[in-house]
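# Chains, contacts and geometry: an overview
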Amino acid sequence: MTDLIQALHTPVAEPGTGQVVTGTAVSRVDGRAKVTGAARYAAEHPAEHLLYGVVVSGTIAKGRILDIDTAEAMLIEGVVEVMSHMNRPKLRSFDLAYKDMTAPAGSPFRPFYDDQILYNGQPVALVLAETFEAARRAAALVRIRYEEEEHDTRLTANLGRAYTPRPLKAGYEPPPPEKGNAEKAFKAAPVKIEAEFYHGVEHHNPLELFASTVIRAEDGHLTIYDKTQSSQNSRWYVSHVFGLSKDKVTVRNPYVGGAFGSGLRPQYQLTLAVMASLHLQRSVRVQLTRQQMFSFGHRPETVQWVKLAADRDGTLTSIQHEAIAETSQIEDYVEVVVNWSGLVYTCDNIKLGYKLVSLDQYTPIDMRAPGAAHGMHALEVAMDELSYALKMDPLSLRLKNYADRAPIDDKPYSSKELRACYEQGAEKFGWSQRPLAPRARKEGSEWVGWGMATGAWDALQMFARASAVMHADGSLVVSSAATDIGTGTYTVMAMIAAEAMGLPLERVTFQLGDSTLPVAPIEGGSSHVATVGSAVAGVCDKLRLTLLRYAQADADSPFRDKRLKDVEFAGGVLRLKKNPDTFISLGTIVRNTGRERLEEKYLMLPQMLKQRKFRRMVHSAVFVEVRVDEELGIVRVTRVVSAIAAGRIMNTKTAGSQIVGGVVWGISQALHEESHTDHRFGRFMNHNLSEYHVAVNADIHDIDVIFVEEDDRIVSRLGAKGVGEIGLVSVAAAVSNAIYHATGKRIRSTPITPDKVLAGGP
């Protein structure tokens, strides 16, 4: 399927938008659909004779289910069934069948597979009823008896049994071997610092609740609207778990209300909804509650140790960075925490280490800038500490050790404009006016402090396909099974295609969010523009050539002997560059073929042999002003300047919004977000938005975003990298460093809550 799928209700630009150039600020083409409610999310698609499923969550952390009493629940009017491991349909038993495209090493969780309880909050039953209200009422009446076993959910009490993880996870790179002799250099250095960092569990809280609506056709075909960052990953998972051929299942996700990692893996509501649909041969919807969204995946609790040493002039002589994080008993969830310390600053002696501790909790999951959010925080706070030990400006220390080649392996960077980020960010912020000493400025009851930090993230490119269909009416439909989690994918891809074909933006439809469309990678790692965008550019190249060839078919054609370099596509026509008055509309070319459409397809493969010779990264410099009321322990982040080097920026409006969103999340990480566990029960206690704090409007003040000029044709043919993750990286570090500058108190754990400010650490 490569032409327009009507059920997706794919948005297009407003009439009259006209031609736009990539790199300019263009409003989202899906904006109107979202603000008017026309955009439907996973739980909003109607179906006849729909059953509503409500999950019953387990209440112990480890053990097994002895009995499930459903008698009282079944008495509620409208209840059709209560499903569990005791009456589920047949499932495949092999671990491999439950592996999705992003699964780490180990045995994935299998909902309702048997009576074993692996973590608190595990789904143990599903009530299905004719109405949501009946299902919810009945779910409260399901009685579960357990045989409980001892459990352990404490990371810091179990550091002694940390182990080297299995590295089998897409995108994970284990720490490289030691360079030089870091400990020897540390001992010999005249200036050194040593610090321990702690980061608690954080949970995703996207606006859209996780949900799956399974619509069953008369022939048994399942159309599933799922909250996911990859429709094809969900289709892959469902097909393997239930033994369904892929032509029996279509997964759609045309609109996703936030995800940033929580939708990378198929979540258990998808499994349960499909299970119920197959069992009852009905359409089924399962939507999780906000509390239940704390029962799958989280940014892992992590402990880090950083040791830095330098000569008295600030030259780094030793970098040591180790981390231990938690995972589940069933999978080795891994993320790149420490490797960044070998990629940012020049140093001859670097030692990195990363281990895991398995606990009786659910497997962690990627959360925006996974690994870097913690790892860069530790490195950048440690660099700030070192600057004070050296009596050196923090920015000057970073410039002193600026790396023109990756220190850990001496590879050149594909592009690196971090120095420009420092310069432009500092100028915009007014960094040169910063007093070096802490506690130098007080206004009213608040100490004022300035801090900065360096950000780094990978510049990824995967493989993708795209199709492009030029219609006889002059409109263009470009398709790929990509995902837009609110980042602007609809808009940017349409812009790339519109510019390539010389069409007004409103004449181009970029279709995504359906598993039957050409293959696209999971929307993650800030790779969609470099990957899918390059596929879109590639298919448009092929389509332009095809149109030119058809325009040459007539023996009297003015384009007869012309090559692509002799013509241009603009205003919906093909014309001669040297004689723009000689043209033919693209729709006419199609009609002259006697067809209604001309189609091309394209497979974009990264140039791995070329790319592997380079370190491909995006960079940022973050400058922050805080005001701290020491008597109340309250921190306000009053100014942020984030200077970003991320290749060519395709749309400054959508990219800028992503960076602003990342900064907001970074402030939230720095000051608010943490999930607290009651270890007696192995349960997250603050599993709601009243107790799990996130930044709100009152917490956010001035945020300036600067995109420095950069063009990287090694990462992608577009010159673009990605901006999804980098906006968050090191914001928390800059906030922490600013708090030290304001108060002289070094707080190394996040979130930096008022009690820590009052106590002065850690």
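Each value, and the rule that gives it
- Residues numbered from 1 in each chain as written.
- Predicted model: local features only at pLDDT ≥ 70, side-chain atom pairs only at ≥ 80, totals over all residues.
- Heavy atoms only, no water.
- Phe/Tyr/Trp six-rings, centres within 6.5 Å; stacked < 30°, edge-to-face > 60°.
- Helix = DSSP H or I, 4+ residues; strand = E, 2+ residues; numbered from the N terminus.
- Buried < 20%, exposed > 50% of the residue type's maximum accessible area, 1.4 Å probe, protein only.
- Lys NZ or Arg CZ within 6 Å of the ring centre and 35° of its normal.
- Pairing = 2+ DSSP bridges.
- Axes fitted to C-alpha atoms, helices over the stretch in contact; angles between N-to-C directions.
- Contact = heavy atoms within 4.5 Å.
- Expected span 1.5 Å × (residues − 1).
- 1 Å grid on protein atoms, 1.4 Å probe; cavity = no way out; pocket = protein on both sides within 12 Å on 5 of 7 lines; lining within 4 Å.
- Points joined across faces, edges and corners; volume = space filled by probe spheres on them.
- Nonpolar A, V, L, I, M, F, W, Y, C, P; charged D, E, K, R; others polar.

### So, the packing of aromatic side chains
Per the stated rule, a full pass over the model turns up 18 aromatic pairs. Ring plane angle 45° and centroid distance 5.8 Å describe the contact between Y255 and Y490, whose orientation is recorded as tilted. Of this pair, Y255 sits in the loop between strand 11 (249-252) and helix 6 (268-280) while Y490 sits in helix 10 (residues 489-501), and the two are 235 residues apart along the sequence. By relative accessible area, which is 1% here, Y490 ends up buried. Taking the centre distance of 6.3 Å and the plane angle of 85° together, the rings of Y268 and F296 count as edge-to-face. One end of the pair, Y268, is in helix 6; the other, F296, is in the loop between strand 12 (284-287) and strand 13 (302-310), with 28 residues separating them in the sequence. On the basis of relative accessibility, which here comes to 3%, the residue F296 falls in the buried class. An aromatic cluster is built from F429, W431, W450 and F623, whose rings are joined through pairwise contacts. Here the basic side chain of R110 rests over the ring of Y113, its NZ or CZ set 4.0 Å away from the ring centre. A cation over an aromatic ring shows up here: R439 above the ring of W447, its NZ or CZ 4.3 Å from the ring centre.

### A few points about unusual backbone geometry
The residue after T750, namely P751, is reached through a cis peptide bond having omega -5°. Position of P751 relative to the elements: it lies in the loop between strand 31 (749-750) and helix 16 (754-759). You will see that R439, though not glycine, has its phi angle at about 55°, which is positive. A positive phi angle, near 60°, is found at S526, a position not held by glycine.

### Considerations on the sheet that holds strand 1 (residues 51-57)
Reading across the sheet, the 7 strands line up as 3-6-1-12-9-10-11 and stay open at both edges, with mixed pairing between neighbours. Looking along the sheet, the strands with just one partner apiece sit at the ends: strand 3 (79-83) and strand 11. Across the sheet, the axes of successive neighbouring strands diverge by a mean angle of 20°, strand direction being ignored. Both strand 1 and strand 12 contribute to a ladder of 3 bridges, which runs parallel. For G53, the partnering residue across the bridge sits in strand 12 and is V286. Packing against the sheet, helix 3 (residues 132-139) makes contact with strand 1, strand 3 and strand 6 (123-129), and its axis sits at approximately 20° to strand 1. Its contacts with the sheet place helix 5 (residues 231-242) against strand 10 (222-226) and strand 11, and it is angled at close to 145° to strand 11.

### Some remarks on helix 15 (residues 731-743)
The end-to-end C-alpha distance of helix 15, which contains 13 residues, comes to 18 Å, matching closely the 18 Å that a straight helix rising 1.5 Å per residue would cover. Buried residues dominate helix 15, accounting for 13 of its 13 residues.

### Things to note about the sheet that holds strand 17 (residues 442-443)
In spatial order, the strands read 17-18-26-27-30; together these 5 strands make up an open sheet with mixed pairing. Edge strands, defined here as strands with exactly one partner in the open sheet, are strand 17 and strand 30 (702-707). The sheet contact formed by strand 18 (residues 446-458) and strand 26 (residues 617-629) spans 12 bridges and is antiparallel. Pairing of G451 across the sheet is with V624, part of strand 26. Across the sheet, helix 15 touches strand 18, strand 26 and strand 27 (634-645), and the angle it forms with strand 18 is around 155°.

### A word on the layout of surface pockets
Counted as a void, the second largest pocket has a volume near 1,000 Å³. When residues in the lining of the second largest pocket are grouped by element, the largest group, 6 residues, is from helix 14 (residues 652-671). Its residues assigned to classes, the lining of the second largest pocket shows 18 nonpolar, 13 polar and 7 charged.

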